[in-house]
Amino acid sequence: MDTVTRPRILVVGAGFAGVECVRRLERRLTPDEADLTLVTPFSYQLYLPLLPQVASGVLAPQSVALSLRRSERYRTRIIPGGAIGVDLRSKVCVVRTVNGEIVNEPYDYIVLAPGSVTRTFDIPGLTDHAFGLKSLAEAAYLRDHVISQLDLADASHDPAERASRLQFVVVGGGYAGTETAACLQRLTHAAVKRYPRLDPGLIKWHLIDIAPKLMPELGDKLGRSAQEILTRRGIEISLGVSIAKAGAEEVTFTDGRVVPTRTLIWTAGVVASPLIATLGAETVRGRLAVNADMCLPGHDGVFALGDSAAVPDVARGDDAVCPPTAQHALRQGRHVAENVIATLRGRPARPYVHHDLGLVVDLGGTDAVSKPLGIELHGLPAQAVARGYHWSALRTGVAKTRVMTDWLLNAVAGDDFVRTGFQAHRPGNLRDFEYLDAYLTPEQVRAHVAEAGRSAR
């Protein structure tokens with residue numbers, strides 16, 4: 001008898017784009033139309049924009065980690081592991097599972113949404129001594145580290161050591177860096193009041209960026225407003241400056257200044273996941289070059305979106321591509337699901353067109369700057385818009401309840417200055433969290449797939 005197999009749809013990545021795509025496919029396709037598989041190292045969707053609030057203790061880690069296995073009605077098979085290569089010719093994705101086994105996952109349609117990794121440069125000591133903020137583990141580790149600096153400074157009898165432990169450097173004047181500096185500065189400012197032996201004047205935060213303006217996407221007026229808020233809090237902002245060298249106890253700026261510090265936080269942008277390089281396809285500044293319908297030219301059944309894809313921004317025109325933001329990833333996820341369904345059912349795919357809804361920046365407390373639908377806001381109204389946007393974007397009612405409860409509890413009871421100590425004996429720098437050496441080269445991918453094919457025969 002002839003056996004009719006269902007098309008296999010493989011989604012790589014459980015970020016905003018990947019999860020939105022999977023959920024739309026589950027709702028719009030019947031179980032008989034296709035088999036759905038999701039490849040992800042963690043069985044949760046991380047709400048990245050709220051990581052600075054996790055690092056500062058405003059939100060609990062589980063509040064921003066949305067479980068993918070919570071609902072029994074979801075039918076997607078989850079492969080716990082990371083995609084380390086894709087052979088487009090053989091239609092095989094190579095996956096390293098969480099137990100270290102390397103397996104081949106064949107597909108008929110693949111949606112590539114592996115996200116991004118921290119962008120680093122060839123700066124001496126950077127990956128050995130800097131902390132990142134791209135994962136839940138990094139946020140939890142960073143909170144422990146910052147609070148531990150207060151404890152260690154309090155215990156120290158060396159004035160030089162005490163001063164270095166109470167200086168903090170954040171590199172990156174975008175949303176992540178600005179919000180991280182703002183939230184953690186509030187944490188240390190509140191916490192130092194509980195350390196009678198420490199001089200609050202010794203706590204210094206530095207926010208630096210090579211760009212000439214802070215968050216230029218906000219426009220001059222709101223950018224200046226954000227800068228004034230941070231400066232008023234005592235954060236020293238240096239623009240047109242970056243890091244020349246990083247050490248265990250000091251950081252050298254490109255303008256020659258040497259800052260004694262034990263805390264260097266690197267948030268200077270992102271680049272596409274190294275998975276994209278394994279395809280051997282055309283890229284635009286490291287992101288996979290795709291059409292406006294998010295299809296990969298010359299390869300049937302291959303779609304890419306989110307931070308790893310250079311999706312043309314039709315609304316802006318020219319050669320513009322969509323920025324790597326959560327707003328675009330969410331909408332691209334839903335749109336690419338519809339295009340996969342259209343292709344599956346023999347209909348044409350539609351181009352992705354989206355008009356920007358605005359920008360929000362939460363600076364902690366009642367401080368914020370927002371630009372919803374082009375309307376410039378700051379202060380409490382901007383804070384209401386920022387938190388309202390994040391709250392509404394959370395995918396589940398459980399997550400919304402947890403986040404709202406954490407916000408209310410923090411507003412009423414204030415901060416807690418407790419470090420868990422769970423990761424006290426583990427390193428936590430960029431080199432330890434990125435796992436960049438896990439990916440294969442295009443040649444290794446093809447060789448692995450070919451060897452697996454010969455073994456099967």
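The protein is annotated in an unreviewed UniProt entry as NAD(P)/FAD-dependent oxidoreductase from Streptomyces edwardsiae. UniProt's Sequence similarities (unreviewed entry) comment on the protein is quoted here verbatim: "Belongs to the NADH dehydrogenase family."

Peer 1: I'd love a proper account of the packing of aromatic side chains, names of residues and values included.
Peer 2: Applying the stated rule across the entire model yields five aromatic pairs. Both rings, one in Phe 16 and one in Tyr 47, keep their centres 5.2 Å apart while their planes meet at 85 degrees; by these two values the pair is edge-to-face. Note that Phe 16 is positioned in helix H1 (residues 16–28) and Tyr 47 in the loop between strand E3 (44–46) and helix H2 (51–55), a separation of 31 residues in sequence. Accessibility classification places Phe 16 together with Tyr 47 in one group, the buried group. Centroid distance Phe 42 to Tyr 44: 5.5 Å. Interplanar angle 25 degrees. Geometry classified as stacked. Phe 42 sits in the partly exposed class, given a relative accessible area of 48%. A residue is classified by how much of its surface remains accessible, and Tyr 44, at 24% relative accessible area, is partly exposed. The cationic tip of Lys 400 hangs over the ring face of Trp 391; the distance from NZ or CZ to the ring centre is 5.1 Å.

Peer 1: Describe the side chain of Gln 327, with residues and values.
Peer 2: Among the structural elements, Gln 327 can be located in helix H8 (residues 326–344). The class for Gln 327 is buried, based on a relative accessible area of 6%. Among the polar contacts listed, one links the side chain of Gln 327 to the backbone oxygen of Gly 358, at a separation of 3.2 Å. Not counting the four nearest positions on each side in its chain, Gln 327 is found in contact with His 354, His 355, Asp 356, Leu 357, Gly 358 and Tyr 389.

So, how was this worked out
- Residues numbered from 1 in each chain as written.
- Predicted model: local features only at pLDDT ≥ 70, side-chain atom pairs only at ≥ 80, totals over all residues.
- Heavy atoms only, no water.
- UniProt positions renumbered as here; feature names shortened; annotations may be inferred.
- Phe/Tyr/Trp six-rings, centres within 6.5 Å; stacked < 30°, edge-to-face > 60°.
- Helix = DSSP H or I, 4+ residues; strand = E, 2+ residues; numbered from the N terminus.
- Buried < 20%, exposed > 50% of the residue type's maximum accessible area, 1.4 Å probe, protein only.
- Lys NZ or Arg CZ within 6 Å of the ring centre and 35° of its normal.
- Polar contact = N/O pair within 3.5 Å; in protein donor to acceptor, adjacent residues only side chain to side chain.
- Contact = heavy atoms within 4.5 Å.

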